[in-house]
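Now for the letters of each chain:
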Amino acid sequence: ATDFDIFVEPSYIPPEIWQRKGYTKFSDVYSFSMIIYEILTNKKPQQMSKIRTKIMNDVVNKDYRPPIDKSVPKFFQSLIKSCWINDQLFQILLMK
């Protein structure tokens, strides 16, 4: 195993990890949002592909985030979307 082997569902991996910028506690914010998404929608965040390189490209280069069903309460829609914002300052404020 190398220092970049990833043993997790690829859809839960935040952009900064795919970009090899390193793990921070804010990396968990993105992963948390994908778990909440899956619980509330009963769908995997990226059902259309299991190919790791496609998921990585979509998340990092195309800023892909899965669509949220209208059946999900607005509060949770906002929570999930705020966790997807790729801005460390915003994530710091979110964690307070």
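Residue numbers here run from 1 along each chain, matching the order of that chain's written sequence. It should be noted that, the model being predicted, local features are given only for residues of pLDDT at least 70 and side-chain atom pairs only at 80 or more, the latter also being counted only at that level, while totals for whole chains, interfaces and linings use all residues. Derived side-chain values reflect all non-hydrogen atoms in the structure, with water molecules and hydrogen atoms excluded from consideration.

Engineer: Could you clarify how one ought to interpret unusual backbone geometry in this entry?
Structural biologist: Both trends apply: most residues other than glycine have a negative phi, and most peptide bonds are in trans. The phi dihedral of R20 is positive, around 60 degrees, even though this residue is not glycine. Mapping R20 onto the fold places it in the loop between α1 (15-18) and α2 (27-41). Overall, R20 belongs to the exposed group, its relative accessible area being 60%. The backbone of N42 shows a phi angle near 60 degrees, a positive value even though the residue is not glycine. A helix here means a DSSP run of H or I that spans at least four residues, while a strand means a run of E at least two residues long, and both kinds are numbered starting from the N terminus. Position of N42 relative to the elements: it lies in the loop between α2 and α3 (52-61). Here N42 falls in the exposed class, since its relative accessible area comes to 70%. A simple rule labels every residue: compare its accessible area, found with a 1.4 Å probe on the protein chains alone, to the largest value its type can have, and call it buried under 20%, exposed over 50%, or partly exposed in between.

Engineer: Would you mind going over the nonpolar core with me for this structure?
Structural biologist: The nonpolar side chains of soluble globular proteins are, as a tendency, buried together. Counting residues in each nonpolar core, the largest one holds 14 residues, and the members touching the most others are W18, Y30, M34, V59, I68, I80 and W84. Only α1, α2, α3 and α4 (74-84) provide two or more residues apiece to this core. The definition of a nonpolar core used throughout is a set of buried Ala, Val, Leu, Ile, Met, Phe, Trp, Tyr and Cys residues joined through side-chain atoms within 4.5 Å.

Engineer: When you look at the packing of α2 against α4 in this model, what are you seeing that I'm missing?
Structural biologist: Between two packed helices, the angle of one axis relative to the other and the distance separating the axes together describe the packing. Two elements in contact, α2 and α4, have axes separated by 8 Å at closest approach and are oriented at 150 degrees. Classified by the angle their axes make, α2 and α4 are roughly antiparallel. The interaxial crossing formed by α2 with α4 has left-handed handedness. Only F76, L79, I80, C83 and W84 of α4 make contact with α2, whose side of the interface consists of V29, Y30, F32, S33, M34, I36, Y37 and L40. Split by residue class, the contact of α2 with α4 holds 12 nonpolar, one polar and no charged. Geometry is summarised by axes, namely lines fitted to C-alpha atoms with helices restricted to the contacting stretch, and by angles between N-to-C directions that run from 0 to 180 degrees. For classification purposes, an angle smaller than 35 degrees is called roughly parallel, one larger than 145 roughly antiparallel, one from 65 to 115 roughly perpendicular, and anything else oblique. In this scheme the crossing of two helices becomes right-handed for a clockwise turn of the near helix relative to the far one and left-handed for an anticlockwise turn of less than a right angle. Should any heavy atoms of two residues lie within 4.5 Å, those residues are considered in contact. Amino acids outside the nonpolar list (Ala, Val, Leu, Ile, Met, Phe, Trp, Tyr, Cys, Pro) and the charged list (Asp, Glu, Lys, Arg) are all regarded as polar, and Gly is one of them.

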